[in-house]
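Examination of the molecular architecture
This is what each chain is made of:
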Amino acid sequence: MFITHKSNVSTQSVPSQVHDQVVHTKLREAEEGLTRAKNEYMRMKEQSDEQLQRKDEELQRNEAEIAAISLSRDKLQETNLKLMNEKKSLKAEYESNKVIWEKQLVELKSLRDKEWEELDADLDP
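Each value, and the rule that gives it
Residues numbered from 1 in each chain as written. Predicted model: local features only at pLDDT ≥ 70, side-chain atom pairs only at ≥ 80, totals over all residues. Heavy atoms only, no water. Helix = DSSP H or I, 4+ residues; strand = E, 2+ residues; numbered from the N terminus. Buried < 20%, exposed > 50% of the residue type's maximum accessible area, 1.4 Å probe, protein only. Areas by Shrake-Rupley, 256 points an atom, 1.4 Å probe, with all protein chains shown as cover. Salt bridge = Lys/Arg side-chain N within 4 Å of Asp/Glu carboxyl O. Patch = residues over 30% accessible without salt bridge, like charges linked within 9 Å, V, L, I, M, F, W, Y side chains within 5 Å. Lys, Arg positive; Asp, Glu negative; His and termini not counted. Charge placed at Lys NZ, Arg CZ, Asp CG, Glu CD. pLDDT = per-residue confidence, 0-100. Contact = heavy atoms within 4.5 Å.

**What about the overall build of the protein chain?**
For the protein chain, the helix and strand inventory stands at 1 helix and 0 strands. Within the protein chain, the fraction of its 125 residues that count as buried is 1%. Here the protein chain has roughly 12,000 Å² of accessible surface; of this, 58% comes from carbon and sulfur atoms.

What follows is the structure, given as structure tokens:
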């Protein structure tokens, strides 16, 4: 059946026009669904990118912190080594001085004993 109107002449049948409208509506709904899905995907991608950026920044901060700690550790080890060497040196110097002091003490005791002997000899008639 063909519908003809003076204002709108159509060569399509009514069921064909309804079918075209249904197809057009479904296409529009599908396009809207795709647009919503694309927008949701873009939103989720943006969130993911932001999370990735935050994690990357956190990783960079942690790496900088690790580097600083490592540098501090190296400096502490270097300082500790210097102090240990200084301690060994001071201990060796102490031992050397101890030997000198002991010799001087023996000499002083010997001098004192000689002085006492001379005093005793002077006091004995």
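Following the structure, the description resumes.
**Notes on the pattern of salt bridges**
Tallied over the entire structure, the rule returns 7 salt bridges. Among the salt bridges present, the one from Glu40 reaches Arg43, with a minimum N-O distance of 2.4 Å. Of the two residues, Glu40 and Arg43 are both situated in helix H1 (residues 14–123); the distance of 3 residues between them amounts to about one turn of the helix. Taking relative accessible area as the criterion, Glu40 reaches 35% and is therefore assigned partly exposed. Residue classification places Arg43 among the partly exposed positions, given a relative accessible area of 39%. Of the charged contacts in the structure, one is a salt bridge between Lys45 and Asp49, with a shortest N-O distance of 3.0 Å. One end of the pair, Lys45, and the other, Asp49, are both in helix H1, 4 residues apart, so they sit about a helical turn from each other. On the basis of relative accessible area, Asp49 is assigned to the partly exposed category, the value being 39%.

**Details of a negative patch on the surface**
Negative charge collects at one region of the surface, where Glu115, Glu117, Glu118, Asp120, Asp122 and Asp124 lie side by side. Along the chain, Asp124 falls in the segment after H1.

**Digging into the confidence of the model for the protein chain**
Averaged over every residue, the pLDDT of the protein chain is 90; residues scoring 70 or more account for 90%. Throughout residues 1–9 the model reports pLDDT below 50, and contacts reaching past four residues in sequence, or to other chains, amount to 5 contacts.

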